[in-house]
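Now for the letters of each chain:
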Amino acid sequence: MSSVFDHNFEIQWCPGCGNFGILKALKAALDKSGKNPSDVSVVSGIGQSGKTPHYVNTNGFNGLHGRALPVASGLKISNPEQLVIVHGGDGDGYGEGGNHFIHGIRRNLDLNYFVHNNQIYGLTKGQASPTSSLGTASGIQPSGTIMEPINPLKLAMSLDCGFIARGFSGEPAHLTELMLEAFAYKGFAYIDILQPCVVFNKVNTYSWYKERAYKLDSNYDFSSKASALEKMEEWDEQIPLGVIYKKEKPEYFEKASLTNPPKVQSSDHKQYWNEILSLYK
Ligand SMILES: Cc1ncc(C[n+]2csc(CCOP(=O)(O)OP(=O)(O)O)c2C)c(N)n1
Ligand code: SF4
Ligand SMILES: [Mg+2]
């Protein structure tokens with residue numbers, strides 16, 4: 001089915017890559033959101049996930065490795081009406097950009113942060129990433145990584161992130177619903193998306209995730225910190241999919257207006273636009 005969010009760029013991901021399921025879910029969520037392409041900005045860093053803005057017909061920015069969140073924050077502050085969606089990778093978002101993940105959660109702008117977690121550095125040919133399991137063998141660590149993986153959901157929880165979810169690219173319809181819930185959430189909405197890399201991660205495959213992944217049902221209480229922490233510990237035998245923790249909290253603009261309105265909103269910055277552009281001609 002065609003979508004106004006389709007883009008004609010040739011897709012450079014390997015056949016069977018989990019990123020296709022994420023792209024499908026994203027376009028379906030955008031279609032369902034009722035937004036026009038000009039109302040949406042997709043921002044990324046570097047990596048296979050970083051290619052996402054090229055494949056969707058919205059405003060787009062593909063910047064430096066790990067630096068998507070600062071760009072997206074500036075964009076949102078200067079244009080609060082935009083729906084801003086940030087795509088990162090497990091290396092990009094939890095390694096090189098880990099600091100921005102922490103402070104992005106603290107700032108609590110109304111951003112959507114979707115991390116393509118394939119537990120490997122895909123673009124640079126398979127080095128261990130911050131979420132690679134202990135012992136993951138790679139070309140530069142043939143006998144396996146000796147670093148413990150981080151649990152990104154628990155990291156987000158420790159910072160009291162108000163929306164923490166986990167999706168799976170092998171379940172695009174379910175992922176679409178999670179993305180829509182993230183769009184509707186006022187504040188920093190974070191989804192860690194399990195994304196098989198069929199070339200460099202031969203352990204965490206579609207079938208490995210399918211054997212373990214299950215969807216949280218309507219009886220699950222996502223407002224309970226204790227239940228959320230319990231779910232976030234699940235991994236080796238079963239992996240929960242869905243909104244794991246959610247709570248309302250004041251987002252950036254509400255907090256800012258308690259003190260002073262952000263400068264960028266109160267000044268007529270458009271008058272400087274041509275002057276700034278002329279510097280780059
Ligand atoms: C500051 C910086 N460090 C390292 C690199 C090299 N580099 C490019 S992509 C990448 C790994 C990307 O891994 P991940 O974020 O997990 O994305 P994936 O390709 O797996 O989607 C690295 C290390 C870079 N471009 N910039
Ligand atoms: S190397 Fe892995 S993550 Fe990159 S496009 Fe291929 S399958 Fe996808
Ligand atoms: Mg990766």
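Here's what I pulled together on the structure shown here. (Residues numbered from 1 in each chain as written. Chains lettered and ligands numbered in written order. Predicted model: local features only at pLDDT ≥ 70, side-chain atom pairs only at ≥ 80, totals over all residues.)

## Comments concerning the overall build of the chain
Then, in step 1: Of the regular secondary structure elements, the chain holds 11 helices and eight strands.
Then, in step 2: Against the 2.2 N^0.38 benchmark of 19 Å for 281 residues, the chain shows a C-alpha radius of gyration of 19 Å, consistent with a compact globule.
Then, in step 3: Referenced to the eigenvectors of the C-alpha coordinate spread, the extents of the chain come out at roughly 60 × 45 × 40 Å.
Then, in step 4: Here the chain holds 281 residues, and 41% of them are scored as buried.
Then, in step 5: Here the contacts in the chain between residues at least 6 apart in sequence split such that 69% fall between residues at least 24 apart. (Helix = DSSP H or I, 4+ residues; strand = E, 2+ residues; numbered from the N terminus. Rg over C-alpha atoms; globule rule 2.2 N^0.38 Å. Buried ≥ 20, exposed ≤ 12 C-beta atoms within 10 Å, placed from the backbone. Contact = placed C-beta atoms within 7 Å.)

## Concerning helix 8 (residues 225–233)
An α-helix turns once per 3.6 residues; consequently, residues spaced three or four apart project the same way.
Then, in step 1: Listing the buried residues of helix 8 in full gives Ala228, Lys231 and Met232. Relative to the axis of helix 8, the buried residues are bounded by an arc of 100° and lie together on one face. Projecting away from the buried face of helix 8 at angles above 90 degrees are the exposed residues Ala226, Glu230 and Glu233.
Then, in step 2: Packed against the buried residues of helix 8 are helix 5 (152–158) and strand 8 (239–246). (Arc of directions from axis to C-beta.)

## Side note on helix 4 (residues 98–107)
Then, in step 1: What helix 4 keeps buried is the set His100, Phe101, Gly104 and Ile105. Along the axis of helix 4, the buried positions cluster into a sector of 135°, meaning they face one direction only. Of the exposed residues in helix 4, those oriented more than 90 degrees away from the buried face are Asn99 and Arg106.
Then, in step 2: Tucked inside the fold, the buried residues of helix 4 contact helix 2 (68–78), helix 3 (90–96), strand 4 (112–117) and helix 5.
Then, in step 3: Taken from the residues just after helix 4, Asn108 is the one with a positive phi, measuring 60°.

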